[in-house]
Number of protein chains: 2
Amino acid sequence: MRLQPVAIDVRLFRRLIVSGDGAEVTRVASALSNGDLAEILLELAPAELSRLEQHLGVERIADAVAELDPSEAARLLVRVSRAEAADILEEMEPDDATDVVEELGEEAERILAEMEVTEASEIRDLLTYPSATAGGRMTPRFVSIRPDLTVGAAMRLLRAQAPDAETIYYIYVTDHEDHLVGVVSLRQLVVADPQQRIEALLRPDVIRVPAEIDQEDVARLLMDHDLLALPVVDEEERLLGVITADDVADVLQEEATEDIERLGGSQPLGEPYLQASPFLLFRKRIVWLLFLFLGALQTSTILQAFSDELSSFVALSFFIPLLVSTGGNAGSQVVTTVIRAMAVGEVRFRDVWVVLRRELLVGLLVGGVMGLATLLRAQTMHVDAHVAITAGLAATAIVVWATAVAALLPIGLRRLRLDPAVMSAPLIATLVDGTGLLIYLLIAKNVLGL
Amino acid sequence: MRLQPVAIDVRLFRRLIVSGDGAEVTRVASALSNGDLAEILLELAPAELSRLEQHLGVERIADAVAELDPSEAARLLVRVSRAEAADILEEMEPDDATDVVEELGEEAERILAEMEVTEASEIRDLLTYPSATAGGRMTPRFVSIRPDLTVGAAMRLLRAQAPDAETIYYIYVTDHEDHLVGVVSLRQLVVADPQQRIEALLRPDVIRVPAEIDQEDVARLLMDHDLLALPVVDEEERLLGVITADDVADVLQEEATEDIERLGGSQPLGEPYLQASPFLLFRKRIVWLLFLFLGALQTSTILQAFSDELSSFVALSFFIPLLVSTGGNAGSQVVTTVIRAMAVGEVRFRDVWVVLRRELLVGLLVGGVMGLATLLRAQTMHVDAHVAITAGLAATAIVVWATAVAALLPIGLRRLRLDPAVMSAPLIATLVDGTGLLIYLLIAKNVLGL
């Protein structure tokens, strides 16, 4: 049962490639997934790559390269000869190949010039669409038929086109000017009478997307309708290409990564972690850190304003980090849950009162427990009883306050048509830190009679 | 161009259902995605539901119900008659229906008793597998053929079985004892000579999974190999069922939600946010909050130990929340990025030194800028110059320290075979809070000559 990624000794494999036992190389490679093979490709010298390609065939190499991140794939292709790079790109699906060509920089034109004219022009066409849109994700290799064909004739056409098409499971029906008029599935064709006409079978209400639409919307649409593919059309409803379901998982993964990076309080990297240069990491992080720092300045202002109280009761300062971090943690729990629920469509603006009511209830429960815990802790430190009561009351109040802010802000931002994902856990923590301290010190003023 | 979810006035739609213009109801409903229709179903009264089912047919209703979360679907089914509920479950894919039956509680047996024997026993079989495993996700409605058939005979068989099978795009080949011996794609069959035998076409090295394997592993396997379906087998390699690609997007979404909830510092809810009771939210959150609170206690201990210094220089306490939150934010940025990179397989244990080196470099850059910002801030507050220098130096040191801890801990946990996702942003912040304060106060002792 082959399930775990096959552990393979890369050094041994390299020796095998060079020693030239083609059958053995093929046997070992056939046990590897394309993703695993791709990782090995990255470690090979150009000469070893050429040998491996002779053993496995350029199709297998192309399938593996397609699994790499486009920037990694580009780095691989510039290490082999232009003719070899061109061969690999020709064998890749045009949408995947285009992503790689975009990363090739100056080499792009020279490698495209080595390619077959048809394949190169497919890529040139796709290069005109931004990569995170439907146009950038689509393949121009789809099967389309006319509505007046019979099922038998359509099947014969399909047989001829199948080797080149990325998917033959949905067949799009177009008129003589390429306007999309419907869709039939291969499943329908297999079951139907060969004499029947396509126009009698086709579903005319096919869901379609314009080329400019964001890839995330495409992914959600495919997922919501459980489709294997979506057709992409121009302004005049002419069929331009097809987006297949295997791209959707990649898109969802990318988008979840962006959400997670934002929730962690930095700007999304936009490329795989290990590909990102340290300077890119620095830039993506420092922006938010400085912004949060500006927000956190209020804490020092507030503490300075209360310096008399802090001098009289130095024990008050013992609880500052404890209260600040408890408030921040409670806010972080709420904001991540609410933002995720909004991202997957579970919570909408009309749910604002439901969310607020339940969060306030939970906040009171959580706040009550945390207030008690803080009080107990203060007792064990033998601080003044009034300071202990102050800290306990403040813990409860701060948790409730943090919960309310963390629940309301993301929904409010969505209402203002801003992206709620800018609302990160650190941002909530920062917003709550200053006001939390104010709550603490105002309670202190009253309880301690300062 | 139909792209945005169709806005539909539910009250108007209900009146339409009751007024009984079937053609109009069908027209409006055909413009709705199954997901949108499902949301409307939740708002209908039982009588309205029955009427709508008469208009649209039970298949369409079943398709819509399949889009609901299983607990919501169950709540819908107990509101209609048992016979109607049984009809809807019969029309659903058995894997989806099983998820709903699991949520039906006491009603489950009574509704199963109303169902056709075949469909009910499919569900009873699937109920024996935990729902988050391959067995719980698979459908028993697959197409399998014997290797000695011709392509023509296989196509005839397919035509007969197609209406019932969940997918006919992969056809699994089994021997007379149901052992999985290979796979052919519908695409291959369409292209092949009808006289050819299946055994000459089949790929014997078909990737398969055991029924007990976790659904996340299944999703990654399907995705890595760009497959439309995966066969599930028992210990003797007998074919039990098939998992189709449309389940994968759901699984990946669920798993990303769990990761995000953990990163936010609470235990995963395991159900949609609005379904979770406030008490469940409380339980999932309080565990981590109390644990983090225990960790944060070190801060009060450390501050108490340095109370003489804090009394002499009360200005020192002004910067405590600023330093603590900057350290926490820097740690949060790093830990979310590293954990996500590990979750999608970009970073492995062997990368530990690469990660540490680049994070230390980035940490020094970020720490330098934050140190400068803190120093400037202290100047504007007109505090003692030594306190200002102390705060600036501490900011740099704390950022570097937080970065190192946040980069190393997740990888270290993975090494210890623990789930790195328990390493949340709040946990890193808590770990760094105490040590950060210690760094600050030790620098203070030296700079201020205390």
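Now for a quick tour of the structure. (Residues numbered from 1 in each chain as written. Chains lettered and ligands numbered in written order. Predicted model: local features only at pLDDT ≥ 70, side-chain atom pairs only at ≥ 80, totals over all residues. Heavy atoms only, no water.)

The next subject is the side chain of Asp433(B). Mapped onto the fold, Asp433(B) is located in helix 23 (residues 425-447). Discounting residues that sit within four places of it in the chain, Asp433(B) has contacts with Ser325(A), Thr299(B) and Val324(B). (Helix = DSSP H or I, 4+ residues; strand = E, 2+ residues; numbered from the N terminus. Contact = heavy atoms within 4.5 Å.)

Now for the pairing of strand 3 (residues 180-185) of chain A. Residues and elements named next belong to chain A. Taken across its six residues, strand 3 has five buried, putting it largely inside the fold. Two strands pair when backbone bridges link them, and strand 2 (residues 170-174) and strand 3 are joined in this way by five bridges, in the antiparallel orientation. Bridge pairing in strand 3 places Tyr172 opposite Val183. (Buried < 20%, exposed > 50% of the residue type's maximum accessible area, 1.4 Å probe, protein only. Pairing = 2+ DSSP bridges.)

This part covers the side chain of Ser185(B). Structurally, Ser185(B) is set in strand 3 (residues 180-185). In contact with Ser185(B), other than residues within four places in its own chain, are Tyr169(A), Tyr169(B), Tyr170(B) and Ile171(B).

Residue and element names in this part refer to chain B. Tracing the sequence through the fold places Leu240 in strand 6 (residues 239-244). Leu240 gets classed as partly exposed once you look at its relative accessible area, which sits at 26%. A C-alpha to C-alpha distance of 55 Å links Leu240 and Val366, two positions 126 residues apart in sequence. With near-sequence residues (within four places) excluded, Leu240 lies in contact with Tyr129, Met138, Pro140, Phe142, Ala211, Val232, Val233 and Asp234.

Looking now at the interface of chain A and chain B. Taken together, the contact between chain A and chain B spans 119 residues of the former and 119 residues of the latter. Around 10700 Å² of area is buried between chain A and chain B when both sides are counted, 64% of it from carbon and sulfur atoms. Inspection of the chain A/chain B interface yields four salt bridges. Among the salt bridges present, the one from Glu39(A) reaches Arg350(B), with a minimum N-O distance of 3.2 Å. (Buried area = accessible area lost by both parts, 1.4 Å probe. Salt bridge = Lys/Arg side-chain N within 4 Å of Asp/Glu carboxyl O.)

Of the transformation superimposing chain A on chain B, the axial component is 0.0 Å and the angular component is 180 degrees, with the fit at an RMSD of 0.1 Å. Classification of the inter-copy transformation places it as that of a two-fold axis. A shared binding surface is used by both copies, with 100% of the interface residues of chain A retained as interface residues in chain B. (Least-squares fit on C-alpha atoms with pLDDT ≥ 70 in both.)

The next point concerns the environment of Gln333(A). On the secondary structure map, Gln333(A) appears in helix 20 (residues 320-343). With a relative accessible area of 2%, Gln333(A) lands in the buried category. Placed 70 residues apart in sequence, Gln333(A) and Thr403(A) show a C-alpha to C-alpha distance of 8.6 Å. When residues no more than four places from it in sequence are discounted, the contact partners of Gln333(A) are Gly264(B), Gly265(B), Ser266(B), Arg285(B), Trp288(B) and Leu289(B).

Further remarks concern the nonpolar core. One recurring pattern in soluble globular proteins is that nonpolar side chains are buried together. Judged by nonpolar contacts, the single largest core of 136 residues is most densely connected at Phe319(A), Val383(A), Tyr440(A), Phe319(B), Val383(B) and Tyr440(B). With near-sequence residues (within four places) excluded, Tyr440(B) lies in contact with Leu316(B), Phe319(B), Ile320(B), Leu323(B), Thr390(B), Ala391(B) and Ala394(B). (Core = buried A, V, L, I, M, F, W, Y, C linked by side-chain atoms within 4.5 Å.)

On to a negative patch on the surface. Together, Glu59(A), Asp63(A), Asp87(A), Glu91(A), Glu116(A), Asp250(A), Asp224(B) and Asp226(B) make up a negatively charged patch on the protein surface. For the negative patch, the secondary-structure elements that each account for two or more residues are helix 5 (58-65) and helix 7 (82-91) of chain A. With respect to the element layout, Glu59(A) can be found in helix 5. Overall, Glu59(A) belongs to the partly exposed group, its relative accessible area being 45%. (Patch = residues over 30% accessible without salt bridge, like charges linked within 9 Å, V, L, I, M, F, W, Y side chains within 5 Å. Areas by Shrake-Rupley, 256 points an atom, 1.4 Å probe, with all protein chains shown as cover. Lys, Arg positive; Asp, Glu negative; His and termini not counted. Charge placed at Lys NZ, Arg CZ, Asp CG, Glu CD.)

With that settled, consider unusual backbone geometry. Residues and elements named next belong to chain B. Positive phi outside glycine occurs at Asp178, with the angle close to 70 degrees. Inspection of the secondary structure assignment puts Asp178 in the loop between strand 2 (170-174) and strand 3. Overall, the relative accessible area of 40% leaves Asp178 in the partly exposed class.

Next up on the list: a nonpolar patch on the surface. Judged by side-chain polarity, Phe279(A), Leu361(B) and Leu365(B) come together as a nonpolar surface patch covering roughly 280 Å² of accessible area. Here Leu361(B) lies in helix 21 (residues 352-380). By relative accessible area, which is 44% here, Leu361(B) ends up partly exposed.

All names here are of chain B. All chains considered together, the criterion is met by 34 salt bridges over all chains. We note a salt bridge from Arg141 to Glu122, for which the minimum N-O separation is 3.1 Å. Placement of the pair is Arg141 in the loop between helix 11 (134-137) and strand 1 (144-145) and Glu122 in helix 10 (residues 117-126), with a sequence separation of 19 residues. For Glu216, the salt bridge identified is with Arg220, shortest N-O distance 3.7 Å. Of this pair, Glu216 and Arg220 both sit in helix 15 (residues 215-224), four residues apart, roughly one helical turn. Its relative accessible area of 23% is what places Glu216 among the partly exposed residues.

Time to look at helix 20 of chain A. Residues and elements named next belong to chain A. The end-to-end C-alpha distance of helix 20 is 34 Å, a good match for the 34 Å that 24 residues give at a rise of 1.5 Å each. Counting buried residues in helix 20 gives 23 out of 24 residues, a clear majority hidden from the surface. Count one or two residues on from helix 20 and you reach Gly345, which has phi positive near 85 degrees. (Expected span 1.5 Å × (residues − 1).)

Here the focus is the packing of helix 15 of chain B against helix 16 (residues 246-263) of chain B. All names here are of chain B. Running from amino to carboxyl end, helix 15 crosses helix 16 at an angle of 125 degrees, the nearest separation of the two axes being 9 Å. Relative to helix 16, helix 15 is oriented oblique. The two elements helix 15 and helix 16 cross, and the hand of that crossing is left-handed. From helix 15, Gln215, Glu216, Ala219, Arg220, Leu222 and Met223 reach across to helix 16, where they touch Val248, Val251, Leu252, Glu254 and Glu255. Here the residues of the contact of helix 15 with helix 16 are counted per class, giving six nonpolar, one polar and four charged. (Axes fitted to C-alpha atoms, helices over the stretch in contact; angles between N-to-C directions. Parallel < 35°, antiparallel > 145°, perpendicular 65-115°, else oblique. Left-handed = near helix turned anticlockwise from the far one by under 90°. Nonpolar A, V, L, I, M, F, W, Y, C, P; charged D, E, K, R; others polar.)

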